[in-house]
Structures are given as C-alpha cells and as structure tokens.
Amino acid sequence: GENVEQHPSTLSVQEGDSAVIKCTYSDSASNYFPWYKQELGKGPQLIIDIRSNVGEKKDQRIAVTLNKTAKHFSLHITETQPEDSAVYFCAAKGAAGNKLTFGGGTRVLVKP
Amino acid sequence: DAMVIQNPRYQVTQFGKPVTLSCSQTLNHNVMYWYQQKSSQAPKLLFHYYDKDFNNEADTPDNFQSRRPNTSFCFLDIRSPGLGDAAMYLCATSRAGTGETQYFGPGTRLLVL
C-alpha cells in the first residue's frame, strides 16, 4: 500500500521567514496530494492541494510543488506569522479508491 | 454554511460502557469517514462509507462499529471502550467521482475513565 513520509517532524522559524515541509510517497499511481493544517483541539483544515497533472500551485503565502518523477511534494509558507503555528499533515491518494494516506505531521512554531 | 458537524465535542465514558459519537454533514457528500487520532499522530482511518457500502480497515478492532442511516448522518459506536480508546475521533466527508477532497469536522475528544 501507499506510504507517505514527512519531514521534518518539528520546525521552528522566526516570524517573517519561510517554512518548507517535504513529503515523499511510494505509490507512483497516486494522483492527489492535499495539505492540512491542524490547530490544537481542532479538526484538520485543508489549506491547499495539488493534482498529479500540475507541478505547482500557489495561494497567497502558501505554495505546493510536486515532482512526480521523484515522488515528492513540498509545502512552502512565506512570510510566516504566529498564526501559522500548528501541525501540518501531507497526504496522498492513490488512483483507485477514496482513502488518503497521511504523513506523520510537522509541528510548526513561528516565533514572534 | 455547509459543513461537517460532530457531537458532542467532548465525551467522557467509563471503562466498558458503550458510547456513540455522531457526525452530520450538510455537504451532501456520498462518502463519510471515521478516523482515530491520538496526540501528535496522524489521523488513522477506522472505516468509511461509500453511499451505503461499509468499508472496514483491516486493523480496526471489532470493538468499533459504525452506522449510516442516511446520507447526512454517520455514527461511531464503541461497544466496550478501553483506556487505549481515549483519543480524538474525526469525521470527514468527500464526494467521490467529482473530487477527492476530504473535509473534516472539529472532532470529538473521548476520555475513558
């Protein structure tokens, strides 16, 4: 089955700096890659996603890149703010079925 | 606003006492999921419904059951909660066929005494 690895597990950045989280996946047939942000005591919230026919997608300060050949995708957050502090999960969905496979999560701390 | 709603947000039960968690959605999505999440870990899929078809994960204990009486509602039943079942339980929905995005509810935190 699909396996998703996420790095780093924790990330501390200074406010205004950029944050990058990387994920690799094992199933070359995976075709959908969402990123979720989870604040303490809340459910995961989708912040951006990318499909396998696209190499990059951007939404304001957040961008995701996908390298299908290398089977990895990354989340980039620019101009970080204290409210970006949360746990971020990447995920991958195979070509068949509805299930997502999640990475282990990255705890991001933005220091003011 | 269309959304995924979970009740209650916090649930306390006693060891071995059956408990039911509920999820409702106004998105009219045909797929509903139940996840278990323990602190600092990724959500772990327990099972999901594709319309009325129930799909159990191979490693989901028999202690966990689910019901989906209609499109909007889905329930998670824990027949005999153990201390190890204390966790956040997340419900999610998606629309199969037109997109894979899963939308999560706020979760129910279960405490087992």
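Above this text you will find the structure in question.
Residues numbered from 1 in each chain as written. Chains lettered and ligands numbered in written order. Predicted model: local features only at pLDDT ≥ 70, side-chain atom pairs only at ≥ 80, totals over all residues. Heavy atoms only, no water.

### Comments concerning the overall build of chain B
As a reminder, the rule being used: A helix here means a DSSP run of H or I that spans at least four residues, while a strand means a run of E at least two residues long, and both kinds are numbered starting from the N terminus. Restricting the calculation to C-alpha atoms gives the radius of gyration, and the globule rule supplies 2.2 Å times the number of residues raised to the power 0.38. Accessible area is worked out with a 1.4 Å probe on protein chains only. A residue is then buried under 20% of its type maximum, exposed over 50%, and partly exposed in between. In what follows, residue pairs with any heavy atoms lying within 4.5 Å of each other are defined as contacts.
If you tally the helices and strands in chain B, you get zero helices and 11 strands. Reading the helices (α) and strands (β) of chain B from amino to carboxyl end gives β-β-β-β-β-β-β-β-β-β-β. For 113 residues, the compact-globule estimate of 2.2 N^0.38 gives 13 Å, and the C-alpha radius of gyration of chain B, at 13 Å, lies within 12% of that figure. Principal-axis analysis of the C-alpha atoms gives chain B an extent of 40 × 30 × 30 Å. Counting every position in chain B, which comprises 113 residues, the buried fraction comes to 50%. If you take every contact in chain B between residues at least 6 apart in sequence, the share linking residues at least 24 apart comes to 56%.

### Side note on the interface of chain A and chain B
The criterion, for reference: Buried area: the accessible area, evaluated with a 1.4 Å probe, that two parts lose upon being put together, summed over both parts. A pairing counts as a salt bridge when a side-chain nitrogen of Lys or Arg comes within 4 Å of a carboxyl oxygen of Asp or Glu. Nitrogen and oxygen atoms within 3.5 Å of one another constitute a polar contact, given that in protein one can donate a hydrogen and the other can accept it, and given that sequence-neighbouring residues count only through two side-chain atoms.
Chain A puts 21 residues into the contact, and the matching count from chain B is 22 residues. Roughly 1,600 Å² of surface becomes buried between chain A and chain B when both sides are summed, with 52% attributable to carbon and sulfur atoms. Of all residues in chain A, Asn98(A), Lys99(A) and Phe102(A) bury the most surface against chain B, accounting for 33% of the area lost on that side. Summed over the shared surface of chain A and chain B, the result is one salt bridge. Counting the contacts that link chain A with chain B gives seven residue pairs in polar contact (both at pLDDT 80 or more). Elements with a contribution of two residues or more to the side of chain A that touches chain B: strand E4 (32-38), strand E5 (45-51), strand E9 (86-93) and strand E10 (100-102) of chain A.

### With respect to the state of the cysteines
The cut-off we apply is this: By disulfide we mean two sulfur atoms from cysteines, separated by a distance within 2.5 Å.
Under the definition given, this model contains two disulfides over all chains. Disulfide partner of Cys23(A): Cys90(A), at an S-S distance of 2.0 Å. Its S-S torsion of about -100° marks the bond between Cys23(A) and Cys90(A) as left-handed, since a negative value means left-handed. Within this pair, whereas Cys23(A) is found in strand E3 (residues 19-25), its partner Cys90(A) is found in strand E9, the two being separated by 67 residues in sequence. Each member of the pair, Cys23(A) together with Cys90(A), is buried. At a sulfur-sulfur separation of 2.0 Å, the disulfide partner of Cys23(B) is Cys91(B). Taking the sign of the torsion about the S-S bond as the criterion, the disulfide between Cys23(B) and Cys91(B), at about -70°, is left-handed. Of this pair, Cys23(B) sits in strand E3 (residues 19-25) while Cys91(B) sits in strand E9 (residues 87-94), placing them 68 residues apart in sequence. Unpaired in this structure, Cys74(B) has its nearest cysteine sulfur neighbour in Cys91(B), at a distance of 6.1 Å. Owing to a relative accessible area of 1%, Cys74(B) belongs among the buried residues under this scheme.

### Considering the sheet that holds strand E8 (residues 72-77) of chain A
Residue and element names in this part refer to chain A. Under the convention used in this document: The rule for pairing is simple: two strands pair if DSSP sees at least two bridges between them. Between N-to-C directions, angles span 0 to 180 degrees; the directions come from axes that are lines fitted to C-alpha atoms, helices contributing only their stretch in contact.
Within the open sheet, the five strands sit side by side as E1-E3-E8-E7-E6. Their pairing is antiparallel. Of all strands in the sheet, those with a lone pairing partner are strand E1 (4-7) and strand E6 (56-59), marking the two edges. Shown here is a sheet whose adjacent strand axes are inclined to one another by a mean of 15°, direction ignored. Where strand E7 (residues 62-67) meets E8, six bridges bridge the pair, whose relative direction is antiparallel.

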